[in-house]
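Overview (structure and organization)
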Amino acid sequence: MTIPFKVQRKAKRGEQGMKMGNSNWMDKSKKLLHRWGHQMKKTKGEPGLPCDNSSFFSHKHALVEPGAEIGERTRIWAFAHILAGAKIGADCNICDHVFVENDVIIGERVTIKCGVQLWDGLRVADDVFIGPNATFTNDIFPRSKQYPEEFMQTHIQTGASIGANATILPGVTIGEKAMVGAGSVVIKDVPPYAVVVGNPARIIRYEEH
Ligand SMILES: CC(C)(COP(=O)(O)OP(=O)(O)OC[C@H]1O[C@@H](n2cnc3c(N)ncnc32)[C@H](O)[C@@H]1OP(=O)(O)O)[C@@H](O)C(=O)NCCC(=O)NCCS
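Every chain is numbered independently, its residues counted from 1 as its sequence is written. Totals for whole chains, interfaces and linings use all residues, but because this is a predicted model, local features are given only for residues with pLDDT of at least 70 and pairs of side-chain atoms are given and counted only at 80 or more.

Turning to its location among the elements, Met152 is positioned in the loop between strand E14 (135–136) and strand E15 (154–156). Each residue is classed by its C-beta neighbour count within 10 Å, where at least 20 other C-beta atoms makes it buried, 12 or fewer makes it exposed, and intermediate counts make it partly exposed; the C-beta atoms are placed from backbone geometry. Overall, the presence of 17 C-beta atoms within 10 Å leaves Met152 in the partly exposed class. Sequence-distant contacts of Met152, that is, excluding residues within four places in its chain, are made with Gly121, Asn138, Ile140, Pro170 and Gly171. In this description a helix means any DSSP run of H or I spanning at least four residues, a strand means any run of E spanning at least two, and both kinds are numbered starting from the N terminus. We call two residues in contact whenever the C-beta atoms placed from their backbones are within 7 Å.

This part takes up the environment of Asn133. Locating Asn133 in the fold gives a position in the loop between strand E13 (129–130) and E14. Residues Asn133 and Ala166, 33 residues apart in the sequence, show an inter-C-alpha distance of 7.6 Å. Not counting residues within four places of it along the chain, the set of residues in contact with Asn133 comprises Gly115, Val116, Ala164 and Asn165.

With that settled, the discussion passes to the nonpolar core. The term nonpolar core refers to a set of buried Ala, Val, Leu, Ile, Met, Phe, Trp, Tyr and Cys residues connected through C-beta atoms within 7 Å. Counting residues in hydrophobic clusters, the biggest one holds 42 residues, and the most contacted among them are Ile82, Ile162, Ile174, Val180 and Val186. Counting residues per element, the ones that place at least two in this core are strand E9 (104–106), strand E12 (122–124), strand E19 (179–180) and strand E21 (194–197). Not counting the four nearest positions on each side in its chain, Ile162 is found in contact with Phe129, Ile130, Gly131, Ala134, Ile156, Ile168 and Val180.

Moving on, we get to the sheet that holds strand E3 (residues 69–70). Only strands joined by at least two bridges in the DSSP assignment are considered to pair. Strand order in the open sheet made by the 6 strands is E3-E6-E9-E12-E15-E18, with parallel pairing throughout. On the outer flanks of this sheet lie E3 and strand E18 (173–174), each paired with one strand and no other.

Next comes the structure, spelled out in structure tokens:
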């Protein structure tokens with residue numbers, strides 16, 4: 001069997017690393033961790049980043065406005081923008097191109113994939129998964145330059161998941177551990193553990209876990 005050239009090269013590099021001692025993968029990951037830690041410290045007091053809490057990771061190309069509350073170990077990746085009033089819990093992962101408005105509360109261990117905007121009035125409980133390009137709304141009958149007195153609140157309850165590119169109309173509650181299928185349009189409340197798909201989203205079954 002012929003070993004592909006790429007694999008041979010990798011293997012060779014690995015061997016050299018072992019021999020040289022300081023270029024093997026252990027050392028590389030240590031270096032990366034060190035650099036990451038350093039970046040976390042550097043966020044302290046820098047313009048556009050909160051000074052009171054530096055125990056989260058913010059990519060150098062993310063914008064975290066001063067005043068935003070970010071929990072420990074949460075990671076905020078490139079081109080995300082978190083406004084000053086937002087509250088994000090610990091151990092969350094906020095991926096590239098996520099926008100979080102002021103009146104937004106996000107729990108702990110929440111995953112928000114790329115390209116999601118979270119508008120005023122959104123409440124996201126612990127352990128929620130939000131798929132890429134899912135869309136939330138907070139105004140049921142929008143008109144340019146006309147603002148409701150208060151934006152409608154939308155609740156995503158503990159452990160619920162929202163599939164890629166789903167659209168969630170304002171004011172709905174997505175129940176605990178519910179699953180919203182990719183591309184669904186959710187126009188009314190989803191009960192706990194329900195799996196919903198389609199436009200308008202309809203229940204296809206209940207999940208017991
Ligand atoms: C909703 C979902 C969880 C259902 O998965 P499943 O339990 O394996 O369901 P099945 O594939 O057995 O489909 C059941 C029925 O629902 C339909 N269906 C499944 N997902 C659908 C969707 N997103 N939109 C419309 N219909 C869908 C199927 O066509 C099937 O219909 P049928 O019974 O008439 O043939 C899954 O399809 C889905 O959309 N997951 C989200 C993926 C995602 O966005 N991940 C983000 C991370 S990258």
